[in-house]
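Structural features, examined
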Amino acid sequence: MAPKNTLLSWSSGKDSAWALHVLRKRSDVEVMGLVTTVNQVHQRVAIHAVRIALLQRQAEAVRLPLHIIDLPSPCTNYQYEQAMAVFIEQSKQRGIDCMAFGDLFLADIREYREA
């Protein structure tokens, strides 16, 4: 069976880096790129406030394309979900099978991501 073309949600932190490490060891997954939400106003990663320049250097270091989803500031959950829905639909059309997340140890976050 061919590996699943997978995008990794990339927060720029240690959990994302560990998730990439684990995924790259699996034969059933092919990581095709990193996905990060960015605050449009401040041009920083929405979760950790890391500058885009550092984010781009991380993507270059792991040799993966970076997909940035711009979010308004402030951003409601509805706006976040709409932006993600558009990105996910576009990704499906490009042959992406699934997305991976590195923050799944918290049950409520895991349930939300799976839904």
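My aim in this report is to walk through the structure given alongside it, one point at a time.

Criteria and thresholds
Residues numbered from 1 in each chain as written. Predicted model: local features only at pLDDT ≥ 70, side-chain atom pairs only at ≥ 80, totals over all residues. Heavy atoms only, no water. Core = buried A, V, L, I, M, F, W, Y, C linked by side-chain atoms within 4.5 Å. Buried < 20%, exposed > 50% of the residue type's maximum accessible area, 1.4 Å probe, protein only. Helix = DSSP H or I, 4+ residues; strand = E, 2+ residues; numbered from the N terminus. Contact = heavy atoms within 4.5 Å. Arc of directions from axis to C-beta. Salt bridge = Lys/Arg side-chain N within 4 Å of Asp/Glu carboxyl O. Pairing = 2+ DSSP bridges. Right-handed = clockwise from strand over helix to strand, strands pointing away. Polar contact = N/O pair within 3.5 Å; in protein donor to acceptor, adjacent residues only side chain to side chain.

Among the nonpolar cores identified, the biggest contains 17 residues, and Leu8, Trp10, Leu20, Leu23, Val31, Leu34 and Leu64 are the most heavily contacted of them. For this core, the secondary structure elements donating two or more residues are helix H1 (14-24), strand S2 (29-39) and helix H2 (52-61). Broken down by element, this core gets its largest block of residues, four residues, from S2. Excluding its chain neighbours within four sequence positions, the residues that come into contact with Leu8 are Ser16, Ala19, Leu20, Leu23, Val31, Gly33, Leu34, Val35, Ala100 and Phe101. Among the nonpolar cores identified, the runner-up in size contains eight residues, and Val35, Leu71, Met84 and Ile96 belong to it.

Moving on to H1. The complete set of buried residues in H1 reads Ser16, Ala19, Leu20 and Leu23. Seen end-on, H1 carries its buried residues on one side only, within an arc spanning 100°. For H1, the exposed residues lying more than 90 degrees away from the buried face are Lys14 and Trp18. Of the surrounding elements, those touching the buried residues of H1 are strand S1 (4-9), S2 and strand S5 (98-100).

All right, on to the environment of Leu7 then. Relative to the assigned elements, Leu7 resides in strand S1. When the C-alpha atoms of Leu7 and Arg57 are compared, they prove to be 18 Å apart, with 50 residues separating the residues in sequence. Beyond its immediate chain neighbours, meaning those up to four positions away, Leu7 contacts Met32, Gly33, Val35, His67, Phe87, Ser91, Arg94, Ile96, Cys98, Met99 and Ala100.

Below, the discussion takes up the pattern of salt bridges. Here the structure, examined in full by the defined rule, presents two salt bridges. Residues Asp15 and Lys14 are paired through a salt bridge, measuring 3.8 Å at the closest nitrogen-oxygen approach. Judged by its relative accessible area of 67%, Lys14 falls in the exposed class.

Attention shifts here to the pairing of S1. Here S1 pairs with S2 via six bridges, running parallel. Note on S2: the bridge partner recorded for Thr6 is Val31. Bridge analysis of S1 against S5 gives three bridges, and the strand direction is parallel. Across the sheet, Leu8 pairs through a bridge with Ala100, a residue of S5.

Taken across its 11 residues, S2 has nine buried, putting it largely inside the fold. Once the chain exits S1 it traverses H1 before rejoining the sheet at S2, and the crossover so formed is right-handed. Examined bridge by bridge, S2 and strand S3 (residues 44-45) share two bridges and lie antiparallel to one another. Paired with Val38 across the two strands is Val45, which belongs to S3. With antiparallel pairing between neighbouring strands as the criterion, S2 and S3 make up a hairpin whose turn holds four residues, including Gln43 at a positive phi of roughly 55°.

Quick look at the environment of Gln79 now. Here Gln79 is to be found in helix H3 (residues 77-93). Classification of Gln79 as partly exposed rests on a relative accessible area of 32%. Each C-alpha atom of the pair Gln79 and Trp18 lies 28 Å from the other, and the pair is 61 residues apart in sequence. In this structure Gln79 touches Pro72 and Pro74, once residues within four positions along its chain are discounted. In this structure the side chain of Gln79 is engaged in a polar contact, spanning 2.8 Å, whose partner is the backbone nitrogen of Thr76.

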